[in-house]
Amino acid sequence: MQLVAVSKTVPIERLRAALAAGFSALGENRVQEASPKVAALPSAEWHLVGHLQGNKAGRALELFSVIESVDSVSLAGRLARLSPDGRRVPIYLQVNVDDDPAKAGFVPIDLDRALDVISGLPALEVRGLMTVGHLVADPRDARPTFVALRRLSESLRGRHAAVGAGLSMGMSDDFEIAIEEGATLVRVGRAIFGERPAA
Ligand SMILES: *Cc1c(COP(=O)(O)O)cnc(C)c1O
């Protein structure tokens, strides 16, 4: 189980302290905000967890070790084309399991066809699936989302050998539930760094 400390809005000095305290993977949701942080703290394993615009794919590849938020075939194709020679880029496919119109990600029924294409991109290593659960009042209500992602992963892996078993799911309010349901990676911000300033 990997813990990614989501560090958006958290200043560099606090991230330096987090790394000194033993955290090794940090997550950011924006290329621009990540840029000076990655430059200051290059030893961390940086994960991109937010939507990536195609025109920032090249920059994202320079900054991040893992891209967790691949949400379209065209973005996957662009990352594959821009990936440096010899480097297989670890990615997760973001899935909109709850079919929430406000969320990015593949709709589950589209994943089979997407994977027919993405499996043919040797520059990408599909570690698994990622989801952002919908906002729920009680963390237990997040469970169906996590169960759905796990089942989707199981069925896809039966048909697409290139898909890894990774499940990136669970955030501050519901990571315990996500772990119970098989998360291999949790993305936790506020429970580590405290509340973020209002945007
Ligand atoms: C901000 C964010 C997190 C962390 O959220 P917390 O509620 O602070 O734990 C996880 N995943 C994504 C995609 C995020 O944008």
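Bear in mind the structure is a predicted one, so any value in this text is a computation, not a measurement. (Residues numbered from 1 in each chain as written. Predicted model: local features only at pLDDT ≥ 70, side-chain atom pairs only at ≥ 80, totals over all residues. Heavy atoms only, no water.)

(A) Quick peek at helix 6 (residues 143-159). Helix length check: helix 6, at 17 residues, gives a terminal C-alpha distance of 25 Å against a target of 24 Å (1.5 Å per residue), a fit within 8%. All of the buried residues in helix 6 are T145, F146, V147, L149, L152, S153 and L156. (Helix = DSSP H or I, 4+ residues; strand = E, 2+ residues; numbered from the N terminus. Expected span 1.5 Å × (residues − 1). Buried < 20%, exposed > 50% of the residue type's maximum accessible area, 1.4 Å probe, protein only.)

(B) The side chain of T145, seen in detail. Inspection of the secondary structure puts T145 in helix 6. Here T145 is in contact with V97, D98, T131, G133 and H134, once residues within four sequence places are set aside. (Contact = heavy atoms within 4.5 Å.)

(C) Summary view of the site of the ligand. Near the ligand you find V6, K8, V49, V132, M171, S172, R187, V188, G189, R190 and R196, and these make up its full shell. Take R190: an N or O atom from its main chain is 2.8 Å from an oxygen atom of the ligand. Between the ligand and R196 there is a distance of 2.7 Å, counted from an oxygen atom to a side-chain nitrogen or oxygen. Here the ligand, which alone exposes 390 Å², has 91% of that area covered by the protein. Considering only residue class, the shell around the ligand consists of 5 nonpolar, 2 polar and 4 charged. (Near = heavy atom within 4 Å. Polar contact = N/O pair within 3.5 Å; in protein donor to acceptor, adjacent residues only side chain to side chain. Areas by Shrake-Rupley, 256 points an atom, 1.4 Å probe, with all protein chains shown as cover. Nonpolar A, V, L, I, M, F, W, Y, C, P; charged D, E, K, R; others polar.)

(D) Structural context of the side chain of S83. Mapped onto the elements of the fold, S83 is located in the loop between helix 4 (73-82) and strand 5 (89-94). Side-chain polar atoms of S83 contact the backbone oxygen of A80, separated by 3.1 Å. S83 has contacts with L61, V89 and A123, leaving out every residue within four places of it along the chain.

(E) Structural context of the confidence of the model for the chain. Looking at the chain as a whole, the pLDDT averages 97, with 100% of positions reaching at least 70. The secondary-structure element of the chain with the lowest mean pLDDT is helix 7 (residues 175-180), recorded at 97, while strand 3 (residues 45-48) shows the highest, at 99. (pLDDT = per-residue confidence, 0-100.)

(F) Region of the structure containing the pairing of strand 6 (residues 124-130). For strand 6, the buried fraction is high: 5 of the 7 residues fall into the buried class. In this structure, strand 5 lies alongside strand 6, joined through 6 bridges in parallel fashion. If you follow L93 over to strand 6, its bridge partner there is L129. In terms of strand pairing, strand 6 meets strand 7 (residues 166-168) through 3 bridges, oriented parallel. Note on strand 7: the bridge partner recorded for L129 is L167. Considered for its hand, the β-α-β crossover made up of strand 6, helix 6 and strand 7 is right-handed. (Pairing = 2+ DSSP bridges. Right-handed = clockwise from strand over helix to strand, strands pointing away.)

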